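What follows is each chain in one-letter form.
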Amino acid sequence: MSAADTTTAKVPPTRQSPPPPPVVPRPRGGRRSGGAATPWLLLAPCLLVLALVMGYPLVRLVTLSFQKFGQSQLWGFQPAESVGIDNFTGVLEDGEFWQVVLRTIVFAAGCVILTMVIGMLIALLLQRVSGWVKTLVNIALVASWGMPVIVATTVFKWLFDADYGILNAVLSRLPGVELIGHNWFASGPQGLAVIMLLVVWGAVPFVVITLSAGLTQVPAELEEAARLDGAGAWGVFRYVTLPILKPIIVMLTTLSVIWDMGVFPQVFVMRNGHPEAEFQILTTYSYDRAFVVNDYGQGSAIALITVLLLLGVVAVYMRQMLKIGEVE
Amino acid sequence: MSAVASEASRAGSRSGRRRSKSGWNLLGLLVFAVAGFPVYWMLNTAFKPAKDAIDPDPSVLPTGLTLDNFSRALHIADFWGPVGRSLLVSLAVVAIGVVVGMLAALAISRFAFRGRKVVIVGILAVQMVPLVAMIIPVFLLLNDLNQYDKLSGLIITYLTFILPFTVWTLRGFIVNIPKELEEAAMVDGCSRTGAFVRVVFPLLAPGMVATSVYAFIQAWNEYLYALMLLSQKNQTATVWLSNFSTKHGTEYAPMMAGATMMALPIVALFLLVQRKMAAGLTAGAVKG
């Protein structure tokens, strides 16, 4: 490697304008000024680690999903044998799997839409309130954003506790509402709605803070001009603010989709480590197949399907990044 | 409601504007109350006497101030062990992540080379793979490497999500430092390394601190891998909290005390860096 370094030593980097004058004495003799190998040397440790802990497992995920891999293969009593696409057909023919897919999509879509709409409304609201209110709201938002997910989940578990939870107690004070002892997690849809609330509560601050930063970029003159031309508040938002914010909104939405499809600890901890069938989403379902049923092959197949489902969204995200020139 | 606002602003009358402003403020306060309530209720429960916590008709305001729940939380299960392990893992991950990430960030922000774009897109794409999907092969990998139930195994694993994040964020900070500064130093006789150490590094330090703190928070908060890759006796702080229950069932007041102890340092750290990080976050540098 060092031989390669010295041979390429004097090649000037292609994009360095203007090159430092050659008359400048180099302090140390054979010092490279930035040969073609330098960036790769700098990248090497990072790529090496990523190849080990990300690349290899990704490949393994794919091969596992085509293998029969259970308890005995895990302990090395039997070699893993290839079973072709059996894992996939097994998963795809399972009626429960399709229910899980549908539930995951509804859940993630609900989370993303609520997060984006509430986030946008709060960001717009923050433009209109007095300074001290803005500070208060920002403190609350940053505190909820910074809360570790596990802490937030246990707090929500406590808020929604059937017997002593504050929510039931407060709601029951309303006339005609009797919720003391109501178990929010007795039914799947209701329980998932609570979990959705938890996810949205944790995700909104990021959206608000990013959109607020974006809103400061919207030129006041443009809004003024639209207003003079007779646009109402909605018109200004729809035809001036929204188009300018569009790149940020696309990015936030794709990120939210990716994050909300990957929700795991919220469901897992909320259901004490054993989500009932009604609570299973793709991530917990894959976990369950692998570590509870001990069918690592099918578990991997489900995880792989999840990743493939997300690929489209990731592509949109990457295109947006390239478009706005973040990746130049 | 926004129509009301525009009406008011068009009318331009001072009192009308003030009235609409106070309406917005009221709404803002409502947002503050709703967003802040879970945090408030955690603190409220943590500091109230345990018997008030299981009052079927709880008072929303604080009822008393006691530290009993904290001492109980510390005694129910070993607290400092998991916290120490979490601290060790997070610090190691940050130290390795920032050094390795820094080198890579330099490569992609200061050098033009063939394959640069591929590397950038690759690092960004790696970020987007949900961690949960990788747990099965990672578990088997560590099992094969004899790293199951070892903190070193967890540290390596955490680098998967810390590294792409640090590379991308540090890159953002580096590209904001004008190249001319380095070039000037090199004209004055610095080597490329010297120019970096003397000129770029001092300017980069605040960004590096922010990135490290954020990476620390992420490692500290991780749950799934900590749960799966370590046994009960080696558990970390997040797993400690999620397992919080006694033989009498879940005691929520001490649990909230435990939650407070875990969250307060993190939220404080978060407050320190969030302003600096918000810009980097827009660039998709963070895993939720």
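Brief notes about the overall build of chain A
Reasoning step 1: Along its length, chain A carries 14 helices and 2 strands.
Reasoning step 2: Sorting the 328 residues of chain A into buried and exposed places 39% on the buried side.
Reasoning step 3: A fraction of 64% describes how many contacts in chain A between residues 6 or more apart in sequence connect residues 24 or more apart.

Some words on the overall build of chain B
Reasoning step 1: A count of helices and strands for chain B gives 13 helices and 0 strands.
Reasoning step 2: Each helix and strand of chain B, placed in order from N terminus to C terminus, yields the pattern α-α-α-α-α-α-α-α-α-α-α-α-α.
Reasoning step 3: Expressed as a percentage of the 288 residues in chain B, the buried residues total 46%.
Reasoning step 4: Of all intrachain contacts in chain B linking residues separated by at least 6 positions in sequence, the fraction that spans at least 24 positions is 73%.

Focus on helix α6 (residues 131–146) of chain A
Reasoning step 1: Counted at 1.5 Å a residue, the expected span for α6(A) with its 16 residues is 22 Å, and the 22 Å between its end C-alpha atoms agrees.
Reasoning step 2: Looking at α6(A), one finds that the buried residues are A:Val133, A:Leu136, A:Val137, A:Ala140, A:Leu141, A:Val142, A:Ala143, A:Ser144, A:Trp145 and A:Gly146.

Considering the interface of chain B and chain A
Reasoning step 1: Counting residues at the interface gives 87 residues for chain B, matched by 91 residues for chain A.
Reasoning step 2: With 15 residues, helix α2 (residues 14–47) of chain B is the largest single contributor of residues to the side of chain B that touches chain A.
Reasoning step 3: Split by residue class, the side of chain B that touches chain A holds 64 nonpolar, 18 polar and 5 charged.

Brief notes about the packing of helix α2 (residues 38–64) of chain A against helix α5 (residues 80–110) of chain B
Reasoning step 1: Between α2(A) and α5(B), whose axes approach to 8 Å, the crossing angle comes to 135°. As judged from the angle between their axes, α2(A) and α5(B) are oblique. Where α2(A) crosses over α5(B), the two elements pack in a sense that is left-handed. Residues A:Pro39, A:Leu42, A:Leu43, A:Pro45, A:Cys46 and A:Val49 of α2(A) pack against B:Val100, B:Gly101, B:Leu103, B:Ala104, B:Leu106 and B:Ala107 of α5(B).

Observations regarding the domain arrangement of chain B
Residue and element names in this part refer to chain B.
Reasoning step 1: In terms of domain boundaries, chain B breaks down into domain 1 (2–66) and domain 2 (78–282).
Reasoning step 2: Contact with domain 1, which involves 7 residues of that partner, is made by 6 residues of domain 2.
Reasoning step 3: Only α2 and α3 (50–53) provide two or more residues apiece to the side of domain 1 that touches domain 2.
Reasoning step 4: A total of 4 residues in the side of domain 1 that touches domain 2 trace back to one element, the largest contributor, which is α2.
Reasoning step 5: Grouping the constituent residues of the side of domain 1 that touches domain 2 by class yields 5 nonpolar, 1 polar and 1 charged.

A word on the confidence of the model for chain B
A low pLDDT means the predicted coordinates there should not be read in detail.
Residue and element names in this part refer to chain B.
Reasoning step 1: A residue-level look at chain B finds 86% of positions with pLDDT of 70 or above and a mean pLDDT of 81.
Reasoning step 2: Least confident of the elements in chain B is helix α1 (residues 2–11), whose mean pLDDT is 48; most confident is α5, at 91.
Reasoning step 3: Confidence drops under pLDDT 50 across residues 1–12; counting only partners more than four residues distant or on other chains, this segment forms 15 contacts.
Reasoning step 4: Of the regions scoring below 50 in pLDDT, residues 281–288 engages in 22 contacts with residues more than four places distant in sequence or in other chains.
Reasoning step 5: This complex was scored by the predictor with a pTM of 0.82 and an ipTM of 0.81.

Focus on the environment of B:Leu124
Residue and element names in this part refer to chain B.
Reasoning step 1: Tracing the sequence through the fold places leucine 124 in helix α6 (residues 116–128).
Reasoning step 2: What makes leucine 124 buried here is the crowd of 22 C-beta atoms within 10 Å.
Reasoning step 3: Put simply, leucine 124 and glycine 172 are 48 residues apart on the chain and 13 Å apart in space, counted from C-alpha to C-alpha.

Brief notes about unusual backbone geometry
Reasoning step 1: Even without glycine at this site, A:Asn272 takes up a positive phi of about 55°.
Reasoning step 2: By the secondary structure assignment, A:Asn272 is in the loop between α12 (265–270) and α13 (282–292).
Reasoning step 3: The phi angle at B:Asp149 is positive, at roughly 65°, despite the residue not being glycine.
Reasoning step 4: Within the secondary structure layout, B:Asp149 lies in the loop between α7 (131–144) and α8 (151–175).

Side note on the confidence of the model for chain A
All names here are of chain A.
Reasoning step 1: Looking at chain A as a whole, the pLDDT averages 82, with 88% of positions reaching at least 70.
Reasoning step 2: By mean pLDDT, the top-scoring element of chain A is helix α5 (residues 95–128) (93), and the lowest-scoring one is helix α1 (residues 2–7) (38).
Reasoning step 3: Here residues 1–33 is modelled with pLDDT under 50, and outside its nearest four sequence neighbours on either side it reaches 31 contacts, counting other chains as well.

Considerations on the packing of α13(A) against helix α14 (residues 296–323) of chain A
All names here are of chain A.
Reasoning step 1: For the pair α13 and α14, the least separation of the axes is 7 Å and the interaxial angle reads 165°. As judged from the angle between their axes, α13 and α14 are roughly antiparallel. For the pair α13 and α14, the crossing hand works out as left-handed. Where α13 abuts α14, its residues Leu282, Thr283, Tyr285, Ser286, Arg289 and Ala290 lie against Tyr296, Gln298, Gly299, Ile302, Ala303 and Thr306.

Focus: the environment of B:Gln235
Reasoning step 1: Within the secondary structure, B:Gln235 sits in the loop between α11 (224–229) and α12 (237–242).
Reasoning step 2: Contacts of B:Gln235, omitting those with residues within four sequence positions, involve B:Pro82, B:Leu230 and B:Trp240.

Thresholds, definitions, all that
Residues numbered from 1 in each chain as written. Chains lettered and ligands numbered in written order. Predicted model: local features only at pLDDT ≥ 70, side-chain atom pairs only at ≥ 80, totals over all residues. Helix = DSSP H or I, 4+ residues; strand = E, 2+ residues; numbered from the N terminus. Buried ≥ 20, exposed ≤ 12 C-beta atoms within 10 Å, placed from the backbone. Contact = placed C-beta atoms within 7 Å. Expected span 1.5 Å × (residues − 1). Nonpolar A, V, L, I, M, F, W, Y, C, P; charged D, E, K, R; others polar. Axes fitted to C-alpha atoms, helices over the stretch in contact; angles between N-to-C directions. Parallel < 35°, antiparallel > 145°, perpendicular 65-115°, else oblique. Left-handed = near helix turned anticlockwise from the far one by under 90°. Domains from an automatic or database assignment. pLDDT = per-residue confidence, 0-100.

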